[in-house]
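Each chain, letter by letter, is given below.
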Amino acid sequence: MQSKLAHTRKELPQGALAIFFSAPAVLIIAATILAPFCIAVFLSLHNWNLKRPGRERFIGLENYIDWLTDSDFWEPLRTTFTFAILAVALIVLLSLLISLLLNEKFPGRGILRALLLVPWAIPSVVNALLWKWLLNPQYGLVNAVFFELGIITEYQNVLGSMPSVMIWLVIAYSWIHIPLATLLLLSGLQTIPGDIYESAIVDGANIWQRFRFITLPLLRPMLSIVIIFEMIFALKVFDIIFVLTAGGPADATNVLGWTIYTETFRKLDFGAGSSIAMLLGAITLALAILFYVILEKGAER
């Protein structure tokens, strides 16, 4: 078998050999990513509603035009951006603080690093169910703690009104995303040479000056990656909305991910749902490129 493989390597040119070994990965990517994407694009260009079988027809960009001129698209888009900005800001801030702490040497640091992985290991739907129990207006632990501390005089339905529902959604979402962002930032911090800090201390730089002029500039590439990835994740949020609020109360948490779900799997309008998914994908890609350009320009200054 080994001799046959060696003989094949000698016969095939370098380019053909690379294609031969990468073919399985390419096929997997095509089956799991490219094929569904092409199907979604195809559906977005058609009037394809399973409630009206046999009436499927090509309508071009009509689905896109209808959504871009409809408040049912712009309101969820505004809610999506509100959620994403708040969530990314909280994740980046807390992750940066935690990573700075875990980068220091102190007893029990290894245990804290291990415990950091616990929220990340929990499936997102399980995380949402956990927070649904914690925020329950009748027996939730959050209400119980606030009541015992005297912050509230009676149990509150924090998921029943704005702005509390948005605040707690951001907290519940961030809790499971902070570990990954922290690990990425921690890996970036550990690449910064320690002698740079030692030289700065000798020159009289205080802790804020060391953070501002050493840590932050050298951490900028990893920080850029964290911001871009977390923004992408936040813009396509769905599972925690599905479990905790179902887009409510009164569409206050109706993000684009929830709109895609309702159009596609409740109204069975696959054409409309696919067109919103394509619009969300285009917006996410444009923002990722914009953030990358802005952060790269900032790094060059």
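The preceding data block contains the structure.
Residues numbered from 1 in each chain as written. Predicted model: local features only at pLDDT ≥ 70, side-chain atom pairs only at ≥ 80, totals over all residues. Heavy atoms only, no water.

Digging into the nonpolar core
And then number 1: In terms of nonpolar packing, the biggest core is built from 45 residues, with Phe 83, Tyr 173 and Ile 240 touching the most fellow members.
And then number 2: Elements with a contribution of two residues or more to this core: α4 (71–102), α6 (124–134), α8 (164–189), α9 (194–202), α10 (207–235) and α11 (239–244).
And then number 3: When residues of this core are assigned to their parent elements, the largest contribution, eleven residues, is made by α8.
And then number 4: Setting aside residues no more than four positions away along its own chain, Phe 83 makes contact with Met 166, Leu 169, Val 170, Tyr 173, Ala 234 and Val 237.
And then number 5: Tyr 64, Trp 67, Leu 256 and Leu 280 belong to the second largest nonpolar core, which has twelve residues in total. (Core = buried A, V, L, I, M, F, W, Y, C linked by side-chain atoms within 4.5 Å. Buried < 20%, exposed > 50% of the residue type's maximum accessible area, 1.4 Å probe, protein only. Helix = DSSP H or I, 4+ residues; strand = E, 2+ residues; numbered from the N terminus. Contact = heavy atoms within 4.5 Å.)

Here we look at the layout of surface pockets
And then number 1: Here the largest pocket is characterised by a volume of approximately 520 Å³.
And then number 2: Around the largest pocket, the lining comprises 17 residues; the ones closest to its centre are Asn 103, Glu 104, Tyr 197, Arg 210 and Thr 215.
And then number 3: Only α4, α9 and α10 provide two or more residues apiece to the lining of the largest pocket.
And then number 4: The biggest single contributor to the lining of the largest pocket is α10, with five residues.
And then number 5: Each residue belonging to the lining of the largest pocket can be placed in one class, and the counts come to nine nonpolar, four polar and four charged.
And then number 6: Here the second largest pocket is characterised by a volume of approximately 430 Å³. (1 Å grid on protein atoms, 1.4 Å probe; cavity = no way out; pocket = protein on both sides within 12 Å on 5 of 7 lines; lining within 4 Å. Points joined across faces, edges and corners; volume = space filled by probe spheres on them. Nonpolar A, V, L, I, M, F, W, Y, C, P; charged D, E, K, R; others polar.)

Some points on unusual backbone geometry
And then number 1: With an omega of 0 degrees, the peptide bond between Met 162 and Pro 163 qualifies as cis.
And then number 2: Tracing the chain through its elements places Pro 163 in the loop between α7 (141–148) and α8.
And then number 3: Of note, the amide linkage connecting Gly 248 to Pro 249 takes the cis form, showing an omega dihedral of -5 degrees.
And then number 4: Of note, Pro 249 is situated in the loop between α11 and α12 (256–266).
And then number 5: For Ala 246, which is not glycine, the phi torsion reads 50 degrees and is therefore positive.
And then number 6: Within the fold, Ala 246 resides in the loop between α11 and α12.
And then number 7: Even without being a glycine, Asp 251 presents a positive backbone phi close to 65 degrees.

A few points about the packing of aromatic side chains
And then number 1: Evaluation of the coordinates by the stated rule reveals 17 aromatic pairs.
And then number 2: Between Tyr 261 and Phe 265 the ring centres are 6.0 Å apart and the planes differ by 40 degrees, which places this aromatic pair in the tilted class. Residue Tyr 261 and its partner Phe 265 are located together in helix α12, separated by four residues, close to a single helical turn.
And then number 3: The class of Phe 265 is exposed, set by a relative accessible area of 56%.
And then number 4: Here the aromatic rings of Phe 265 and Phe 270 are separated by 6.1 Å at their centres, their planes lie at 75 degrees, and the arrangement is edge-to-face.
And then number 5: Among the residues examined, Phe 270 registers a relative accessible area of 21% and is labelled partly exposed. (Phe/Tyr/Trp six-rings, centres within 6.5 Å; stacked < 30°, edge-to-face > 60°.)

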